[in-house]
Amino acid sequence: MSAGVGVPKLVGASVRRKEDPRLLQGGGRYVADLKRVGLLHAAVLRSPVAHASIRVSVDAVRADPRTRLVLTAADLPEGMPPLPCIDVMPATKPANEPLLARDVVRFVGEPIAVVVAESRAVAEDLLELIELDFEERSAVVDPEAAMADGAPVLHEDWGTNVGNELTHDVGDVDAAFAAAAHVFKQRLKIHRYHGMPLETRGVLADWDPARDHLTVWSSTQFPHALKQFVTGMLGLPPHQVRIIAPDVGGGFGVKCEFYPEEILLCLASRGVGRPVKWIEDRYEHFVSASHAREQIHDVEVAVEPNGVITALRDRIVTNNGAYLHTLAITPSSIASAMVPGPYRIPNYACKALSVVTNKVPLAVYRGAGHPQAVFVMERMMDVIARELRIDPAELRYRNFLQPDELPFDRGTEIVLAGKVVYDSGDYPECLRRALEMVGYEAFREEQARARAEGRCLGLGMAVYVEETAIGPYESATVRVEPSGHLVVYTGASPHGQGHETAFAQVAADQFGVGIDDVTVLHSDTDLMQYGVGTYASRSAPVGGSAMNKAAVVVREKAQRLAAHMLEADPEDMVASEGRIHVVGDPARGFSLAELAAAAMPGSPLPDGMTHELQATEYFDVPGIAFAYAAHIAVVEVDSETGVVTPERYCVVHDSGTLINPLIVDGQVQGGVVQGLGGTLMEELMYDDDGQPLNPNFVDYLMPAVGNVPTIEVGHMETPTPLNPMGMKGAGEGGAVGSPAALVNAVEDAVAHLGVRVMSSPVTPNGLYDLIAAARR
Amino acid sequence: MPEPIQVTVNGVAYAREVPARMTLADFLREELDLTATHLGCEHGVCGACTVHIDGHTARACITLAVQADGTAITTAEGLARNGQLTAVQQGFWNKHGMQCGFCTPGFLMTVTELLDENPEPSDEEIRDALGANICRCTGYTKIIEAVHEAVRLRAAR
């Protein structure tokens, strides 16, 4: 059938978001806002120490008349499996994170008991009646110390603290190093920080004893995956469980994990026969929601005299915290697969270890392992450029893969995602545009003038390639209501990305209707049998592809029906402004409402046509679509105080076809600032005994409006061949490039003082020390 | 012991008894079902719970309900009248000044106070006024644009 639709009007347009009028008027409905008849409230007792044998006595709290239920490990059903790790590889040690600690606690914040009462305040009061005896064990917080002989072993059944080991080996690395003119060796460290959504986690579970049915509202990024988790853990058939993600106040990967409270609240509700809600407080979020990033890289780069890199070796140690949580291996898998980035580097070897320590479990956060990989590659680019006295941009140009070399098989693979084959793009052009945006030549002159005045200005660049739009699939249903209004469903599940707008744009274009003629529903497993969720920059490209596919099927059905009614050729029918009509003759046709009525059950239909204008379609991902970008940061460093002031920030990125550039700009800007916070301000600090040192918003500093410059964004739109609309992901990239660009800028500002910056964060204290050390 | 309080919230008078330890945020959310006032940190830093008490911003998470006795409170639910967005709300909509929406009510209350007191703030004055509201989604660029848009819209109305 012909395209049957005019030029798309909404895809590509910066449409204002459909969700905003509701959110602007207090109409958001987050988990904490939900009430149910008979609702009770839960509070969780958490370990105050990092490593200890424990004994719990709950007699006093059970005896208190205000207590409705107490759960300890002893109260859990027999045979309850441990929390699953889902990104396992061949060498991954068996998952063993309990729902509640029984005999041993392994991190500050580990849940030990749950108390249910009539209010949150009373439940928290009752926690104080629990007697917790503990005998402290030696804690280990440093992953290299955890690998040393004699280190305390966290999991006796493993016999080691190494939870996973993986390798990549591409080309002939040894030969390339043997032949290298220059070899650069460096240790680079990335610290521990995390997504810190402004809405904490929260769960409301309602196990209806009369229907033997469980409904769970959770602040999650993937309700369909959560359903599999809940049914698996509780041994329930899928039809007895419904999961709903209501409005979710930011996720960033933190809520792309399975958490013990999501099961404990179900058990609590079953135990009391009433709905129970738990809303995490901010301290709990610091000590129980997944942490991220922390890695050590020992990297070696083999380089020809002209700066062309011939080989790279890396050894990565990820500090995974106490347990292998849901997506524990992904950070080391992505980092190890992606270090070579947009550069040709024909020979590459990497070994990545995931090591457990007495910290909060570590998992994914916006970009997962990409920010670390980019930090390593782009820092090394500047190290090499400085040593070989080559302009850092020129060095990158000498190493870029060229557009005609794509698709390019990197030879590496990412767990759960697949082979790393860069699909499409023009990396040199991307950097060229970013340099033009910032005004590179003019900046160098300004930098020289500033330096003559004693001011330290620096420019840092980072170019990266990023895995987006991963599988396995996403789902969509498109339905034409009797009124002609479109109601569409997606298996993706938003937490701020604007799905209700973007998917409406995609569906509307197939019918030539406006954005207000489409309602987008999502995040409820009773609405869609199958779905995946929102993470890994996948919803627009994968969910959007599914939405487009379903809309095309419904539009073609409407065309066939209209053609039948007019005794015309379906090939001659076109969709335009909410009508299906004969091409060139808008009067000869029908409105969507008329066609919906004609397709109603009970109406006569052409042979073989089913009732209703509705279709459910899936888009199966054929391969990873790789987005890319060039980031350029300009900073000023106060060499007397170590304070870094970001002055400008420019991004040129390529996410393929854009559905809504306004939304994409917001994603890029937000990501950049999360990376900025992570690089210059945020650090989850621990002492040597495993005590968190700054688990509150006073001591864990995040960017406010005064800490950030305007983030300038430019787009390239190279369509990927991997889906019909050519879309790649855009959600995470901002946070992927900014740590490297900012640290490169800082070093550029103070390199003339002899300062080299090989670890993050770059806080005023830390940078002051580096500057002082260089001056000595 | 419950304490009696009388407050006017978004123009509606309430007389209630509350525990002395109940925060204003919990009072608004749990007792009055006004859930636009969000709790991001419960220790007065993030600004998501910002409301107006007698026309001035206050953090509802570190204000006790009993402290609000006798005051007039406005929450984000009380900004728009008859579905007509205020200039500040419209500015945030037009310029994509929000993503997940969780911090947004706090920003709206802060910006509303700013523009009530200073209808034409400079970029620096805007950054200064918003310096104690945390947004984890937008990176602030579009929030600044939203405030400038609100200034334009207010002037035009």
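Residues numbered from 1 in each chain as written. Chains lettered and ligands numbered in written order. Predicted model: local features only at pLDDT ≥ 70, side-chain atom pairs only at ≥ 80, totals over all residues. Heavy atoms only, no water.

A.B. asks: Before we go on, may I ask you to explain the packing of aromatic side chains in this structure?
C.D. replies: Aromatic rings considered in pairs are described by the distance between their centres and by the relative angle of their planes. Residue and element names in this part refer to chain A. Following the criterion strictly, the structure yields 17 aromatic pairs over all chains and no others. Note on Y473 and Y618: the rings are 5.9 Å apart at their centroids and 75° apart in plane angle, and the pair reads as edge-to-face. Here Y473, found in strand β21 (residues 473–480), pairs with Y618, found in strand β27 (residues 614–620); they are 145 residues apart in sequence, far enough to count as distant. Overall, the relative accessible area of 17% leaves Y473 in the buried class. Residue Y618 is classed as partly exposed on the basis of its relative accessible area, which comes to 30%. What links up through ring pairs into an aromatic cluster is the set F408, Y422, Y427, F626 and Y628. A cation over a ring is seen here: R313 above F177, with NZ or CZ 4.3 Å from the ring centre. (Phe/Tyr/Trp six-rings, centres within 6.5 Å; stacked < 30°, edge-to-face > 60°. Helix = DSSP H or I, 4+ residues; strand = E, 2+ residues; numbered from the N terminus. Buried < 20%, exposed > 50% of the residue type's maximum accessible area, 1.4 Å probe, protein only. Lys NZ or Arg CZ within 6 Å of the ring centre and 35° of its normal.)

A.B. asks: Hey, could you run me through the pairing of strand β19 (residues 418–422) of chain A in this one?
C.D. replies: In regular strands, side chains alternate between the two faces of the sheet. Residues and elements named next belong to chain A. Pairing between strand β18 (residues 408–414) and β19: four bridges, direction antiparallel. When the sheet's bridge partners are listed, E413 is paired in β19 with K419. Linking β18 back to β19 in an antiparallel pair, the connection comprises three residues, with L416 at a positive phi of about 70°. (Pairing = 2+ DSSP bridges.)

A.B. asks: Where do I start with a negative patch on the surface in this structure?
C.D. replies: Judged by side-chain charge, E136, D142, D688 and D689 of chain A come together as a negatively charged surface patch. Within the fold, D689 of chain A resides in the loop between α17 (661–680) and β30 (711–716). (Patch = residues over 30% accessible without salt bridge, like charges linked within 9 Å, V, L, I, M, F, W, Y side chains within 5 Å. Areas by Shrake-Rupley, 256 points an atom, 1.4 Å probe, with all protein chains shown as cover. Salt bridge = Lys/Arg side-chain N within 4 Å of Asp/Glu carboxyl O. Lys, Arg positive; Asp, Glu negative; His and termini not counted. Charge placed at Lys NZ, Arg CZ, Asp CG, Glu CD.)

A.B. asks: Any chance you could explain the packing of helix α2 (residues 87–94) of chain B against helix α3 (residues 104–117) of chain B here in plain terms?
C.D. replies: In helix packing, the relevant descriptors are the interaxial angle and the interaxial distance, both defined with respect to the helix axes. All names here are of chain B. Contact geometry for α2 and α3: axes closest at 9 Å, N-to-C directions at 125°. In terms of their interaxial angle, α2 and α3 are classed as oblique. Two packed elements cross with a definite hand, and for α2 against α3 that hand is right-handed. The segment α2 lies against α3, with V88, Q89 and F92 engaging T104, F107, L108, V111, T112 and L115. (Axes fitted to C-alpha atoms, helices over the stretch in contact; angles between N-to-C directions. Parallel < 35°, antiparallel > 145°, perpendicular 65-115°, else oblique. Left-handed = near helix turned anticlockwise from the far one by under 90°. Contact = heavy atoms within 4.5 Å.)

A.B. asks: Please clarify how the sheet that holds strand β20 (residues 456–468) of chain A should be interpreted in this entry.
C.D. replies: Backbone-to-backbone hydrogen bonds join strands into a sheet, with any given pair of strands oriented parallel or antiparallel. Residue and element names in this part refer to chain A. Read across the sheet, four strands follow the order β20-β28-β29-β30 without closing on themselves; strand pairing throughout is mixed. The open sheet has two edge strands with one neighbour each: β20 and β30. Strand-to-strand twist of the sheet, defined as the mean angle between neighbouring strand axes without regard to direction, takes the value 15°. Relative to strand β29 (residues 644–654), strand β28 (residues 625–637) runs antiparallel, the two being bridged by 10 bridges. Opposite A629, over in β29, you have H653 as the bridge partner.

A.B. asks: Sorry if this is basic, but what is going on with the environment of D75 of chain A here?
C.D. replies: All names here are of chain A. Position of D75 among the secondary structure elements: in the loop between β3 (69–72) and β4 (104–105). Each C-alpha atom, one on D75 and one on G251, is 31 Å from the other, the two residues being 176 residues apart in sequence. Setting aside chain neighbours within four positions, we find D75 in contact with R62 and V70. A distance of 3.0 Å separates the side chain of D75 from the side chain of R62, its partner in a polar contact. A distance of 2.7 Å separates a polar side-chain atom of D75 from the backbone nitrogen of T72. (Polar contact = N/O pair within 3.5 Å; in protein donor to acceptor, adjacent residues only side chain to side chain.)

A.B. asks: So what exactly am I meant to see when it comes to helix α15 (residues 539–566) of chain A here?
C.D. replies: Residues spaced three or four apart along an α-helix face the same direction, because each turn holds 3.6 residues. Residues and elements named next belong to chain A. Here α15 is 28 residues long and its end C-alpha atoms lie 39 Å apart, about the 40 Å a rise of 1.5 Å per residue gives. Most of α15 sits inside the fold, with 20 of its 28 residues counted as buried. Remark: E567 follows α15 within two positions and exhibits a positive phi of approximately 55°. (Expected span 1.5 Å × (residues − 1).)

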